[in-house]
Amino acid sequence: MTPRTAVDTAAGVRSGSLRAADVLEEHLARVASREAEIHAFNLVTQDAARARAADIDRRVAAGEDLGPLAGVTIALKDNLCTRGVPTTCSSRILEGWKPPYDASVVERLAAAGAVFVGKTNLDEFAMGSSTENSAFGPTRNPLDTSRVPGGSSGGSAAAVAADFATVAIGSDTGGSIRQPAALCGVVGVKPTYGAVSRYGLIAFASSLDQIGPFTHTVEDAALLMEVISGHDARDSTSIPQPAMQLRQELGKGVEGLRIGRITDLPAGADPGIMARLDAAFAALEAQGASIVDVQVPAFTYGLTAYYLVAPAEASSNLARYDGVRFGMRVEAPDTNAMYSATRAAGFGDEVKRRIMIGTYALSAGYFDAYYGKALKIRRLIANDFAAAYAKADVLLTPTSPTVAFELGSKGDNPLAMYLCDTYTIPTNLVGHPAMSVPFGTAELGLPAGVQIMAPTLGEPVMFRVAAALEEAAK
Ligand code: GLN
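Under an unreviewed UniProt entry, the name given to the protein is glutaminyl-tRNA synthase (glutamine-hydrolyzing), and the organism recorded is freshwater metagenome. Of the protein, the UniProt comment under Catalytic activity (unreviewed entry) reads exactly: "L-glutamyl-tRNA(Gln) + L-glutamine + ATP + H2O = L-glutaminyl-tRNA(Gln) + L-glutamate + ADP + phosphate + H(+)". In UniProt, the protein has this text filed under Sequence similarities (unreviewed entry): "Belongs to the amidase family. GatA subfamily."

## Observations concerning the sheet that holds strand E4 (residues 167-172)
In spatial order, the strands read E1-E3-E2-E4-E6-E5-E10-E11-E9-E7-E8; together these eleven strands make up an open sheet with mixed pairing. Strands with a single pairing partner mark the edges of an open sheet, and in this sheet they are strand E1 (41-44) and strand E8 (290-294). Neighbouring strand axes in the sheet, compared pairwise and without regard to direction, differ in orientation by 30° on average. Judged from the five bridges that link them, strand E2 (residues 73-77) and strand E3 (residues 115-120) form a sheet pairing that is parallel. Residue pairing across strands places Lys 77 opposite Thr 120, the latter belonging to E3. Where helix H3 (residues 46-61) meets the sheet, it contacts E1 and E3, and its direction lies at approximately 160° from that of E3.

## Considerations on the packing of helix H8 (residues 271-286) against helix H15 (residues 459-473)
Contact geometry of H8 with H15 gives a least axis separation of 10 Å together with a crossing angle of 105°. With respect to H15, the element H8 is oriented roughly perpendicular. Where H8 approaches H15, its residues Ala 280, Ala 283 and Leu 284 are matched on the opposing element by Val 465, Ala 468, Leu 469 and Ala 472. Across the contact of H8 with H15, the residue classes tally to seven nonpolar, no polar and no charged.

## Considering the site of the ligand
Of all residues adjacent to the ligand, which total 15 residues, the nearest are Thr 173, Gly 174, Ser 176, Tyr 306 and Arg 354. Measuring from an oxygen atom of the ligand, one finds a backbone N or O atom of Gly 174 at 2.6 Å. In this structure, an oxygen atom belonging to the ligand sits 3.3 Å away from a main-chain N or O atom of Gly 175. Compared with its free state, where it exposes 290 Å², the ligand has 100% of that area covered by protein. The class makeup of the residues in the shell around the ligand is five nonpolar, seven polar and three charged.

## A look at the packing of helix H9 (residues 302-317) against helix H12 (residues 368-391)
The geometry of H9 relative to H12 is characterised by a closest axis approach of 9 Å and an angle of 125° between their N-to-C directions. Viewed along their axes, H9 and H12 adopt a mutual orientation that is oblique. When the axes of H9 and H12 are compared, the crossing they make is left-handed. Residue-level contacts link Gly 302, Ala 305, Leu 308, Val 309, Ala 312 and Glu 313 of H9 to Tyr 370, Tyr 371, Ala 374, Leu 375, Ile 377, Arg 378 and Ile 381 of H12. A class-by-class count of the residues in the contact of H9 with H12 yields ten nonpolar, one polar and two charged.

## Looking at the nonpolar core
Residues Ile 74, Leu 109, Leu 396, Ile 452 and Phe 463 are the most contacted members of the largest nonpolar core, which totals 58 residues. When neighbours within four sequence positions are excluded, Leu 396 is seen to be in contact with Ile 259, Gly 260, Leu 277, Ala 280, Phe 281, Leu 284, Val 450, Gln 451, Ile 452 and Val 465. Of all hydrophobic cores here, the second largest spans 56 residues; its members include Phe 299, Leu 308, Leu 395 and Met 453.

## Concerning the pattern of salt bridges
Summed over the entire model, instances satisfying the criterion amount to 27 salt bridges. Between Arg 50 and Glu 25 there is a salt bridge, and its shortest N-O distance comes to 2.7 Å. Of this pair, Arg 50 sits in helix H3 while Glu 25 sits in helix H2 (residues 20-38), and the two are 25 residues apart along the sequence. Here Glu 406 ties to Arg 147 by a salt bridge, and the two come within 3.8 Å at their closest N and O atoms. Taken together, the residues span a long stretch of sequence, with Glu 406 in the loop between strand E9 (394-398) and helix H13 (414-418) and Arg 147 in the loop between E3 and helix H5 (154-161) at a distance of 259 residues. Given a relative accessible area of 42%, Glu 406 falls into the partly exposed group. Arg 147 sits in the buried class, given a relative accessible area of 12%. Look at the salt bridges and you will find they share partners, linking Asp 55, Arg 58, Arg 59 and Glu 64 into a network.

## Some remarks on the side chain of Ser 436
Its place among the elements puts Ser 436 in strand E10 (residues 434-441). Residue Ser 436 is classed as buried on the basis of its relative accessible area of 0%. Among the polar contacts made by the side chain of Ser 436, one reaches the side chain of Thr 399 at a distance of 2.8 Å. Not counting chain neighbours up to four residues away, the residues in contact with Ser 436 comprise Arg 178, Ala 181, Ala 182, Val 186, Val 187, Gly 188, Thr 399, Gly 449, Val 450 and Gln 451.

Scoring rules and cut-offs
Residues numbered from 1 in each chain as written. Predicted model: local features only at pLDDT ≥ 70, side-chain atom pairs only at ≥ 80, totals over all residues. Heavy atoms only, no water. UniProt positions renumbered as here; feature names shortened; annotations may be inferred. Pairing = 2+ DSSP bridges. Helix = DSSP H or I, 4+ residues; strand = E, 2+ residues; numbered from the N terminus. Axes fitted to C-alpha atoms, helices over the stretch in contact; angles between N-to-C directions. Contact = heavy atoms within 4.5 Å. Parallel < 35°, antiparallel > 145°, perpendicular 65-115°, else oblique. Nonpolar A, V, L, I, M, F, W, Y, C, P; charged D, E, K, R; others polar. Near = heavy atom within 4 Å. Polar contact = N/O pair within 3.5 Å; in protein donor to acceptor, adjacent residues only side chain to side chain. Areas by Shrake-Rupley, 256 points an atom, 1.4 Å probe, with all protein chains shown as cover. Left-handed = near helix turned anticlockwise from the far one by under 90°. Core = buried A, V, L, I, M, F, W, Y, C linked by side-chain atoms within 4.5 Å. Buried < 20%, exposed > 50% of the residue type's maximum accessible area, 1.4 Å probe, protein only. Salt bridge = Lys/Arg side-chain N within 4 Å of Asp/Glu carboxyl O.

Take a look at the structure:
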């Protein structure tokens, strides 16, 4: 059965034909039957959710309008601050910490009538592409539980794919919304940098991080974007513009649009994945778009630049976990020893690796050779994209080079894991929006995602193309 969408849920709850409490119980029943196997959540907040759903039903009965997400169940990645509710980043170092405030996105979703069902698992501090780097154990892909859901927002993607919640929220620094969306067969959006407030998102790499939705449909993704986007004075990088209006774009079709094919795209995607990309171009052409060849020569250096810029920023952002201010503390004879003991015990291997790489890349003797050079690549990528967008309205690539892979299959090889991000990282480096739309199946009959990229604030045209692809996939 196709899961009920957010649009239909809210319409039903607002009109009184559907009870928020019943919607919630359907989701909680699925959680009860499959969560032990999947482990999408670090915490299921069923008591708070039940109280909230009951309150919504009471207020609807009293004639109140609860808003565009009335009664919609939402799973939140566990790096989003929720007041009084543990927020762990799937790290031991934050165990027991309860944020004193809600992230702006959480506030906005609540004001729109949402019901939060829990906090989802992630790679520790969002560093990874499989959710295997969680300190609390991996999440499994609901479509094949021997396989990963992708990462780092693997718990959010799995929660939607398993219909534990109608929609979910994740964060994307180098692909962490789009890649798990592709591997789990759902829609995932990385908005333009600054379009959605990062206030209350625990920082990984501040110049790259963005919050975005996971949904079953493009329309639900547009609705979520309308609720969470728009200026927020509490995030200094927030774009001073009102919330986006995207649902109005969905019916416009792609007639006359120029869809860019990157001819010098880095190789390495599986044949089945490339076949789906070709099918996506053909489908859009059949609907009246034209396909144009473009080049983005610096695209291929994105991965290298990212794995210097992101760790550099992380090494600075994660300096705050010192055993004094948040979560865990390991006692030791003096303060420096306490810092070391806390960080040694609190962080996992991947986080430590990033902190060391980042610290090295920023150190006085190596800054020019590593961090400085990465910033130059970042500029080259931006220049190349600007030239490409002079010829094309959007660009299409695979989201992930492969379908969902088996747990443990990338083992101890961090570089193999980093290659998962080849196609998603360049947009983060330049701040552009991108989204993954499920487009049939590839190897082993597992879902394939097509990535649609657009220039800064190009969400309207990006969603038009997404709606056309979704229609074609039917
Ligand atoms: N997989 C990438 C990394 O490990 C991206 C993660 C993310 O977007 N948060 O850094």
